[in-house]
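Architecture and fold: a report
What follows is the residue order along each chain.
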Amino acid sequence: MSHPLLNLPPLDALRGFVATARRLSITAAAQDLCLTQSAVSRQIQALEERLGTPLLVRGNRQVTLTDAGRQLFALASPWLDQLAELTATLRPDGRAQPVTISASIGVVSLWILPRLGHLQAAHPDVELRVETSNRVMDLQREGVDLAIRYAPAGAVPADALRLFDEEIVPVASPTLAASAFADGAALARHVLLELHDRSHPFLQWTPWLRQRGLETAARATLRFNQYDQLIQAAIEGNGVALGRLPLILPALRDGRLVADLRQRAAGDGYAYWLLQATSPARPEVATVRDWLLRQVAGTQKALLAMR
């Protein structure tokens with residue numbers, strides 16, 4: 001009779017699968033793991049062969065999880081995070097345990113990354129690990145110290161700290177802004193960039209224009225499944241986007257984007273929240289948390305100054 005440990009799948013295959021399931025993209029997972037796309041694809045195929053069942057449904061641009069894939073991801077994702085945390089604590093070099101912060105891809109790309117240099121300069125001894133997710137999860141179980149979540153008040157824990165509210169405003173590159181924001185009807189003469197996410201109608205152009213009595217038949221619409229891609233397309237001059245004002249402040253400050261602040265609107269009760277896994281926090285976690293709150297204060301001040 002074989003030992004149960006002999007039946008476990010290889011760790012590399014599990015890691016490749018979990019990375020893909022988190023991003024729902026083999027290409028993005030390969031970038032996260034510093035591997036080629038084909039290498040990650042082979043890892044997942046080997047895992048599927050080992051388990052005797054498909055784990056992914058592969059599409060042209062994105063993958064989805066099968067029932068078996070969802071079950072495996074729910075079990076393996078937190079386990080791999082816990083293993084990574086334990087590995088970090090056992091290192092003999094005496095360095096502090098990394099601080100793991102989780103946020104959506106949009107928040108990470110547009111709000112956290114432009115500010116990371118300040119954290120590294122002020123606290124070079126703090127090792128930070130950034131993960132992308134917007135699930136309201138059991139942070140401690142999944143090895144996450146701090147999380148920024150984008151949600152209405154009723155969808156976050158009672159101890160979540162409200163950082164800033166959502167505000168929406170049309171934005172475009174400087175070359176497009178003058179013509180796009182000349183008057184309300186001008187928008188329909190431009191390509192409109194839209195997030196392909198029907199769960200947030202306030203980020204969709206048709207209801208946004210209809211609510212203001214404007215023409216909804218745009219020249220063309222380009223849709224993106226990630227918000228940072230949409231904003232990059234706006235910066236490149238490919239069309240007009242509905243900007244999430246707290247996230248695009250760096251691009252407004254340096255002139256890459258121009259906002260039509262006359263059309264500023266609230267985000268239908270959504271806000272950005274800070275969650276902390278444990279209290280009291282480890283010293284290094286408290287350092288990162290306090291740094292985050294200082295950055296939030298700066299964002300709040302900038303938003304008020306634009307009113």
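Our structure is the block above this text.
Below or above, wherever it landed, is the structure these notes cover. Computed from a prediction, not measured in an experiment: that's the story for all the values here. (Residues numbered from 1 in each chain as written. Predicted model: local features only at pLDDT ≥ 70, side-chain atom pairs only at ≥ 80, totals over all residues. Heavy atoms only, no water.)

Re the pattern of salt bridges
Under the definition given, this model contains 15 salt bridges. A salt bridge links Asp81 to Arg22; its shortest N-O distance comes to 2.8 Å. Here the residue Asp81 occupies a position in helix α4 (residues 67-89), and Arg22 occupies one in helix α1 (residues 11-23), the gap between them amounting to 59 residues. By relative accessible area, which is 4% here, Asp81 ends up buried. Under the relative-accessibility criterion, Arg22 is labelled partly exposed at 32%. Arg256 is the salt-bridge partner of Asp254, the closest N and O atoms lying 2.8 Å from each other. Residue class for Asp254 comes out partly exposed when judged on its relative accessible area of 46%. Salt bridges linked by common partners bring Asp145, Arg282 and Glu284 together as one network. (Salt bridge = Lys/Arg side-chain N within 4 Å of Asp/Glu carboxyl O. Helix = DSSP H or I, 4+ residues; strand = E, 2+ residues; numbered from the N terminus. Buried < 20%, exposed > 50% of the residue type's maximum accessible area, 1.4 Å probe, protein only.)

Quick word on the environment of Ser279
Here Ser279 is to be found in the loop between β11 (265-276) and α11 (283-305). Given a relative accessible area of 70%, Ser279 falls into the exposed group. Sequence separation of Ser279 and Ala155 is 124 residues, and the distance between their C-alpha atoms is 21 Å.

With respect to the nonpolar core
Counting residues in each nonpolar core, the largest one holds 62 residues, and the members touching the most others are Trp111, Ile112, Ile148, Ile231, Leu257 and Leu292. In this structure, Ile112 is in contact with Ile101, Ala103, Val107 and Ile148, ignoring residues within four places of it in sequence. (Core = buried A, V, L, I, M, F, W, Y, C linked by side-chain atoms within 4.5 Å. Contact = heavy atoms within 4.5 Å.)

Brief notes about the packing of aromatic side chains
Summed over the entire model, instances satisfying the criterion amount to 6 aromatic pairs. Relative to Tyr272, the ring of Tyr150 has its centre 4.9 Å away and its plane inclined at 40 degrees; by these criteria the two rings are tilted. Of the two residues, Tyr150 sits in strand β5 (residues 146-152) while Tyr272 sits in strand β11, which places them 122 residues apart along the sequence. The class of Tyr150 is buried, set by a relative accessible area of 6%. Seen in terms of ring centroids, Trp205 and Trp208 are 5.4 Å apart; in terms of plane orientation they differ by 80 degrees. Their pairing is edge-to-face. A residue pair is termed a helical-turn pair when its members lie 3 or 4 positions apart in one helix, as Trp205 and Trp208 do in helix α8 (residues 205-211) at 3 residues. Across this residue pair, the class does not change: Trp205 and Trp208 are buried. Three or more aromatic residues joined by ring pairs form one cluster here, namely Trp111, Tyr150, Phe164, Phe202, Tyr270 and Tyr272. Just above the ring of Trp208 sits the side chain of Arg212; from NZ or CZ to the centre is 3.9 Å. When the ring centre of Tyr227 is taken as origin, the NZ or CZ atom of Arg244, which lies over that ring, is 4.7 Å away. (Phe/Tyr/Trp six-rings, centres within 6.5 Å; stacked < 30°, edge-to-face > 60°. Lys NZ or Arg CZ within 6 Å of the ring centre and 35° of its normal.)

Shape descriptors only; they carry no functional weight alone.
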